[in-house]
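Letter by letter, the chains look like this.
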Amino acid sequence: MFAYIIKRLISGVVVVILVSMAVFALFWFGPEDPARPICNQQTGNRCTPDRLENFEEQMGYNNGIVSEYGAYAKGIFTGRQMEIGTTQIDCDAPCLGYSHRTFNLVWEELIDRIPATISVAAGGAVLYLLLGVPIGVAAARRRGTLGDKLLVSSFLVISSVPYYLFALLAWLYFTLIWQVPILGDSGYTPITDNPAKWFAGLLLPWLCLGIFGCTQYTRYTRGAMVETLSEDYIRTAKAKGLAPSTVVYRHGLRSALVPVVTVFGIDLGVLLAGTIFTERIFEIQGIGRWGLQAVQSFDLPVVSATALFGAIIIVISNLIVDVVYSVLDPRVRLS
């Protein structure tokens, strides 16, 4: 297993490097000069060719892409000196550059936003499982009944609505129109400042993520449980006189969770990389909203940082999923 983990880590590092190169190249060779939006912003939309050239020199876009990416990659491990206007600053490792929109160091802004994104992602992911898995098991045990059909149909209706519309309507009614206590106070407050306000501000985003996301976990769990409950070893367990709950939850659910864990690992990685719609709708200053603002303003250092962070999180989550496989299902072995 140790050799397998090392091989996966090496391949993960290669993936992260390729992602950072791809994002860098997309902006560098994009349809618009990446320095122009910053030039327009700083000059009040009076960006002349001379001013644009000065901004390109200041931001490093007049250098070759290979040398500029090399300086960027080197700064992650050793740090580097950077120029902001006429000021030279020391950017300590891991140096991800500075934001061309706010002129703050990207690493510091990333660290400031990680707690908000983790809070949103963790709550939503927990509700995925707490709601989706038990409902899926209950539906599988009552396969073909009216309750099973109504449950599957209702969840299909929910999942057919775009998530951003679902969350936007929830925010509109609970916050603006009905002004429901607790649910209407959406937003992020650090848990160290006020735990009660932290919980109240994230409750509605959690419910939106949990209710919408649990629909697919209900379908996956139901499908996997229906298949598992028809296996020979399940019939053997029933023939031995084991209690129905023991057969379902101890023997059946453990094997049925393998495909669910696959989806959950990917979803958790995506959530931790940034819940863009949730953070934008509920005014949460997390990584997803930060990255969206960076794309709109062509802020290359921030976009590169969010892509790098997302790639690392997804690589780690997939590695954890592969290891958990062997724990959940003895038939799966790492080799």
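Let me begin by describing the structure that accompanies this report. (Residues numbered from 1 in each chain as written. Predicted model: local features only at pLDDT ≥ 70, side-chain atom pairs only at ≥ 80, totals over all residues. Heavy atoms only, no water.)

Assigned secondary structure in the chain consists of 13 helices and 2 strands. Overall size of the chain, expressed as C-alpha extent along the three principal axes, is 85 × 55 × 40 Å. Partitioning the intrachain contacts of the chain with sequence separation of at least 6 by distance along the chain shows that 65% fall at a separation of at least 24. Carbon and sulfur atoms form 65% of the exposed surface of the chain, whose accessible area is close to 17700 Å². Between the centroid of the 25 positive side chains of the chain and the centroid of its 25 negative side chains there is a distance of 17 Å. (Helix = DSSP H or I, 4+ residues; strand = E, 2+ residues; numbered from the N terminus. Contact = heavy atoms within 4.5 Å. Areas by Shrake-Rupley, 256 points an atom, 1.4 Å probe, with all protein chains shown as cover. Lys, Arg positive; Asp, Glu negative; His and termini not counted. Charge placed at Lys NZ, Arg CZ, Asp CG, Glu CD.)

Let us look at the packing of aromatic side chains. For the structure shown, the criterion picks out 13 aromatic pairs. Ring geometry for Phe 166 against Phe 212: centres 5.6 Å apart, planes inclined by 45 degrees, an arrangement best described as tilted. In this pair, Phe 166 sits in helix H7 (residues 163-177) while Phe 212 sits in helix H8 (residues 195-228), placing the two residues 46 residues apart along the sequence. When the ring of Tyr 173 is compared with that of Trp 178, the centres are 5.2 Å apart and the planes differ by 50 degrees; the resulting orientation is tilted. (Phe/Tyr/Trp six-rings, centres within 6.5 Å; stacked < 30°, edge-to-face > 60°.)

With that settled, consider the pattern of salt bridges. Enumeration over the complete set of coordinates arrives at 4 salt bridges. A salt bridge links Arg 280 to Glu 283, with the nearest nitrogen and oxygen atoms 3.3 Å apart. For Arg 280, a relative accessible area of 42% corresponds to the partly exposed category. Residue classification places Glu 283 among the partly exposed residues on the basis of a relative accessible area of 44%. Among the salt bridges present, the one from Arg 289 reaches Glu 283, with a minimum N-O distance of 2.9 Å. Overall, Arg 289 belongs to the buried group, its relative accessible area being 11%. (Salt bridge = Lys/Arg side-chain N within 4 Å of Asp/Glu carboxyl O. Buried < 20%, exposed > 50% of the residue type's maximum accessible area, 1.4 Å probe, protein only.)

This part takes up the state of the cysteines. According to the stated counting rule, one finds 2 disulfides in the structure shown. At a sulfur-sulfur separation of 2.0 Å, the disulfide partner of Cys 39 is Cys 47. One disulfide, between Cys 39 and Cys 47, carries an S-S torsion of 105 degrees and so falls in the right-handed class. Summarising the burial analysis for this pair, Cys 39 and Cys 47 share the class buried. Here Cys 91 is linked by a disulfide to Cys 95, with a sulfur-sulfur distance of 2.1 Å. Residues Cys 91 and Cys 95 are joined through a disulfide that is right-handed, its torsion about the S-S bond being 110 degrees. Each bonded cysteine of the chain gets a number by its place in the sequence, and the pairs then read 1-2, 3-4. Free cysteine Cys 208: the closest other cysteine sulfur is in Cys 214, separated by 12 Å. (Disulfide = S-S within 2.5 Å.)

Contact geometry of helix H2 (residues 36-43) with helix H3 (residues 49-59) gives a least axis separation of 9 Å together with a crossing angle of 115 degrees. In the crossing of H2 with H3, the sense of the turn from one axis to the other is right-handed. Of H3, the residues touching H2 (which contributes Arg 36, Ile 38, Cys 39, Gln 42 and Thr 43) are Arg 51, Leu 52, Phe 55 and Met 59. In the contact of H2 with H3, the residues fall into 5 nonpolar, 2 polar and 2 charged. (Axes fitted to C-alpha atoms, helices over the stretch in contact; angles between N-to-C directions. Left-handed = near helix turned anticlockwise from the far one by under 90°. Nonpolar A, V, L, I, M, F, W, Y, C, P; charged D, E, K, R; others polar.)

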